[in-house]
Amino acid sequence: MEIKKTAIAGTLESSDIQLMISQADSGIAIDLQSDVKKVFGDQIEAVITTTLNDMGVTAAKVKAVDKGALDCVIKARTIAAVQRAAETTDKPAWEVL
Amino acid sequence: MKSKVNRELPDDLMKELDYKPFETTEIGHPEIQRVAPKVHVSTGDDKIVDSIKQVVADTVKDGMTISFHHHFRNGDFVFNQVMRVIIDAGIKNLTLAPSSLTGVMNDMVIEAIKAGTITNITSSGMRGSLGDFVSHGGLKNPVIFRSHGNRARAIEHGDIKIDVAFLGVPSADRLGNANGMEGNAVFGSLGYALMDAQYADQVVLLTDNIVDYPNTPASIKQTQVDYVVKVDKVGDPDKIGSGATRFTKDPKELKIASMVNDVITHSPYFKDGFSFQTGSGGAALAVTRYLRQSMIDNQIKASFALGGITKPTTDLLNEGLVKKVMDVQDFDKGAADSMHTNGNQQEIDASWYADPDNKGAMVDQLDVVILSALEIDTKFNVNVMTGSDGVIRGAIGGHQDAATGKLTIISAPLVRGRIATVVPDVTTVVTPGDSVDVLVTEFGIAINPKRIDLIAVLSSIPGLPVYKIEDLQKMAEKRVGTPKPLEFTDRTVALIEYRDGTVIDTVKEVKD
């Protein structure tokens, strides 16, 4: 799936994560801010990367501001951000849900 | 060597500072020799001093121990004024021994450490930028954390020998009769400062309100005071405590509070004449509300409420549901005002409150106590000192002391955001599991297996699921995942004393 524009999903409320996805030439680069980065940073980045891979996104820049979100929330916000960035919100990719 | 809660303690530091590892929560019946302060004899007519600069020049010398109280909390104007003068005077190698350190003091303490003015600290706790600074190795010598009762014990033993105490008060007369109840920046009980007034070699009062002699009620007495300094303002009344206490509407906190109440009312301690201590957090305040209704429904009155006092507790006093309030500290204006007006609200010092080496402290008479936790582990050990990143961000307060109550309840959510509260091992042991009886979370409770009596009476209450604490820990981990272990260096940045003066755990420098 191709990132066509910069898109955002999620809020800065406690237990949520806000993701901003924008275009990149190649590869996935994640810039993560989180109070729990020391203990869950790797896990958060892994969930975002896996979700992007599952959706066929191979090139993207991700800025993530985490407020203690659980994995299911991170995954949901990633999917929403990708679909907005790829302009496919009218055709949800149900198979990756 | 190890403490009884299985924490490795650094041998060299333990030997150098002549410490013993924590063994037991039992205090026993040792004979204790207390110390007494120096007295600089005076008729009292020469105590008024014009400036902090002059009093510092007269009293503070290199290498001394100085103290402050934290009753003004984040509205404190005294600490920063005095420390500014001390730093500018070029004084070095001081030990800072306040009852605790609040956020407004952080930047000044860091500056004083960097200037070499402060080289040692003992406190109940620290937070924010100062906790971060110390956890990253900013202070060469380890901080010694002591509970409020243990600080009183250490002062009485001479472990903390205060050379000069700088005590801010909202009212004092020219000889130093002072209280915390009258004036602009009132905070009520002077409980923690009374230790300093009684045991420091030199006592300096700072006030913005010099009243006619003699000032009564006199919590601090003229017989204890060397200097009285007039300053512009001792504190900001709006930042001392919340004006009106709001009850939580958070459904999770309300559920925990109602379950805590169920535990109390089904315990054998809930009978006429029982006593209790609650904290100041949202859930603790809500417990007071549920408890009030249960006391009315069952026609039960409490003999006393203890500790840090809030308005919901003084409301119970006014309703006659609590006969006495034993008050070491007031968390809000309502409680502070009530101490002034209600004769059944007794100001108590930190020794009377919680010192273990005593002829009986109030906590020894306590039936039910509700405490909070940053973390609690499967051994029921509690951490109230270090956060999920391993950085110092808390205070012992009266936690270890009050936990000696007959029914000690820890109320805490199972998880906070992505951080589990119930864990296999707490980062820092502050209160040993031996003095903790019941954990209450929003999902259910866990009872310390040593309390077979409680397991019998609490196991069949409708709507109160009982789990093994290991099961609650697994539930938490299932929700948030398994965290990567925190990384620390070998360097010890703080020692956690148990209330008897032994060392229960250490805090290491964080690696990042």
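Sequence order sets the numbering: in each chain, residues are counted from 1 along the sequence as written. All chains are assigned letters beginning with A, and all ligands numbers beginning with 1, in the order in which they are written. Only residues with pLDDT of at least 70 get local features here, since the model is predicted, and only at 80 or more are side-chain atom pairs given and counted; chain-wide, interface and lining totals rely on the full set of residues.

1. Quick word on the domain arrangement of chain B
Residue and element names in this part refer to chain B.
Argument step 1. As used throughout, domain bounds are those supplied by an automatic or database domain assignment. If you check the domain split of chain B, you get domain 1 (42-240) and domain 2 (251-510).
Argument step 2. Centre-to-centre, using C-alpha coordinates, domain 1 lies 28 Å away from domain 2.
Argument step 3. A helix here means a DSSP run of H or I that spans at least four residues, while a strand means a run of E at least two residues long, and both kinds are numbered starting from the N terminus. Counting residues per element, the ones that place at least two in the side of domain 1 that touches domain 2 are strand 5 (125-126), helix 5 (128-135), strand 6 (143-145), helix 6 (148-157) and helix 7 (193-199).
Argument step 4. Here the side of domain 1 that touches domain 2 takes eight residues from helix 6, the largest share from any one element.

2. Quick word on the pairing of strand 2 (residues 17-22) of chain A
Residues and elements named next belong to chain A.
Argument step 1. Counting other C-beta atoms within 10 Å of its own, a residue is labelled buried from 20 upward, exposed at 12 or fewer, and partly exposed in the gap between, with every C-beta atom placed from the backbone. Of the two faces of strand 2, the one holding Ile17, Leu19 and Ile21 is buried and the one holding Gln18, Met20 and Ser22 is not buried anywhere.
Argument step 2. For two strands to be treated as a pair, DSSP must find at least two bridges joining them. As defined by bridge partners, strand 1 (residues 7-9) adjoins strand 2 across three bridges and the pair is classed as antiparallel. Note on strand 2: the bridge partner recorded for Ile8 is Met20.
Argument step 3. Strand direction decides the pairing type here: strand 2 and strand 4 (residues 59-66), joined by six bridges, are antiparallel. The residue bridging Gln18 from the neighbouring strand is Val65, located in strand 4.

3. Regarding the interface of chain A and chain B
Argument step 1. In this description, any two residues whose backbone-derived C-beta atoms lie within 7 Å of each other are considered to be in contact. On the side of chain B, twelve residues touch chain A, which itself brings 13 residues to the contact.
Argument step 2. Element by element, the count of residues in the side of chain A that touches chain B is highest for helix 1 (residues 37-54) of chain A, at five residues.
Argument step 3. Tallied by class, residues from the side of chain A that touches chain B come to five nonpolar, four polar and four charged. Three residue categories are used. Nonpolar comprises Ala, Val, Leu, Ile, Met, Phe, Trp, Tyr, Cys and Pro, charged comprises Asp, Glu, Lys and Arg, and polar comprises the others, including Gly.

4. Here's the deal with the environment of B:Asp437
All names here are of chain B.
Argument step 1. Along the chain, the position of Asp437 falls in the loop between strand 23 (422-423) and strand 24 (438-440).
Argument step 2. For the pair Asp437 and Val368, spaced 69 residues apart in sequence, the C-alpha separation works out to 10 Å.
Argument step 3. Look past the residues within four positions of Asp437 in its chain and what remains in contact with it is Leu407, Thr408, Ile409, Asn448, Arg451 and Leu454.

5. Side note on the confidence of the model for chain B
Argument step 1. With 99% of its residues at a pLDDT of 70 or more, chain B has an overall mean of 96.
Argument step 2. As a predicted assembly, this complex carries a pTM of 0.95 together with an ipTM value of 0.87. Per-residue confidence from the prediction method is given by pLDDT, with values spanning 0 to 100.

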